[in-house]
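These are the residues of each chain, in order.
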Amino acid sequence: QVQLVESGGGLVQAGGSLRLSCAASGRTFSSYAMGWFRQAPGKEREFVAAISWSGGSTYYADSVKGRFTISRDNAKNTVYLQMNSLKPEDTAVYYCAADLHYLPYEYDYWGQGTQVTVSS
């Protein structure tokens, strides 16, 4: 089992950058593929990015491709989401998720989320 805690959210102007972190408990972090999702008010949760166990493979939603970068540091049990060129439509609660499978249909473990607000 793994517990996930996100941090790094906040308020930023359009065009700015933020880096989210997701710290995982446990000694088997490298066994889990990781993902980032987001949920804006009144909208369904949507996929943002995913990374494989070693970080060798990544996958992005079209809406963030070229602006966001997912990475991980297995020595620190942490996955990151670097967000550049932020837009007001990126405003949402961002969640990290973990699963034994890369790009699963449903992730098994979720964090509590961190708020990102982009002002115009």
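Above this text is the structure in question.
Residues numbered from 1 in each chain as written. Predicted model: local features only at pLDDT ≥ 70, side-chain atom pairs only at ≥ 80, totals over all residues. Heavy atoms only, no water.

1. A few points about the overall build of the protein
Helices and strands together make up the secondary structure of the protein, namely zero helices and 11 strands. In sequence order, the secondary structure elements of the protein are arranged as β-β-β-β-β-β-β-β-β-β-β. Compactness check: the protein gives a C-alpha radius of gyration of 13 Å against a globular reference of 14 Å for 120 residues, within 12% of the reference. Principal-axis analysis of the C-alpha atoms gives the protein an extent of 40 × 25 × 25 Å. Counting the 120 residues in the protein, one finds 45% classified as buried. Considering only contacts in the protein between residues 6 or more positions apart, those separated by 24 or more positions represent 57%. Of the roughly 6,300 Å² of accessible surface on the protein, 47% is carried by carbon and sulfur atoms. Here the protein carries 10 positive and 10 negative side-chain charges, and the mean point of each set is 7 Å from the other. (Helix = DSSP H or I, 4+ residues; strand = E, 2+ residues; numbered from the N terminus. Rg over C-alpha atoms; globule rule 2.2 N^0.38 Å. Buried < 20%, exposed > 50% of the residue type's maximum accessible area, 1.4 Å probe, protein only. Contact = heavy atoms within 4.5 Å. Areas by Shrake-Rupley, 256 points an atom, 1.4 Å probe, with all protein chains shown as cover. Lys, Arg positive; Asp, Glu negative; His and termini not counted. Charge placed at Lys NZ, Arg CZ, Asp CG, Glu CD.)

2. Quick look at the nonpolar core
A general feature of soluble globular proteins is that nonpolar side chains tend to end up buried together. Ranked by internal contacts, the top residues of the largest apolar core, which has 30 residues, are Met34, Trp36, Leu81, Met83 and Tyr94. Put simply, the parts of the chain that give this core at least two residues each are β3 (18-24), β4 (33-39), β5 (46-51), β7 (68-73), β8 (78-83), β9 (92-99) and β11 (114-119). Apart from residues no more than four positions distant in its own chain, Met34 is found in contact with Leu4, Cys22, Phe29, Ala49, Ala50, Ile51, Ile70, Arg72, Val79, Ala97, Ala98 and Tyr107. (Core = buried A, V, L, I, M, F, W, Y, C linked by side-chain atoms within 4.5 Å.)

3. Focus on unusual backbone geometry
Of note in this structure, Asn77 is not a glycine but carries a positive phi near 55 degrees. Locating Asn77 in the fold gives a position in the loop between β7 and β8. The exposure class of Asn77 is buried, given its relative accessible area of 17%. With a phi angle near 55 degrees, Leu103 is a residue other than glycine that sits in the positive phi range.

4. Brief notes about the environment of Lys87
Relative to the elements of secondary structure, Lys87 occurs in the loop between β8 and β9. Distance in space between the C-alpha atoms of Lys87 and Phe29 is 31 Å, their sequence separation being 58 residues. Once residues lying within four places of it in the same chain are set aside, the contact partners of Lys87 are Arg67 and Val118.

5. Thoughts on the pattern of salt bridges
Within this structure, the stated rule accounts for four salt bridges. In this structure, Asp90 engages Arg38 in a salt bridge whose closest nitrogen and oxygen atoms are separated by 2.9 Å. Linking Asp90 in the loop between β8 and β9 with Arg38 in strand β4, this pair joins segments that are 52 residues apart in sequence. For the pair shown, Asp90 and Arg38 are each scored as buried. (Salt bridge = Lys/Arg side-chain N within 4 Å of Asp/Glu carboxyl O.)

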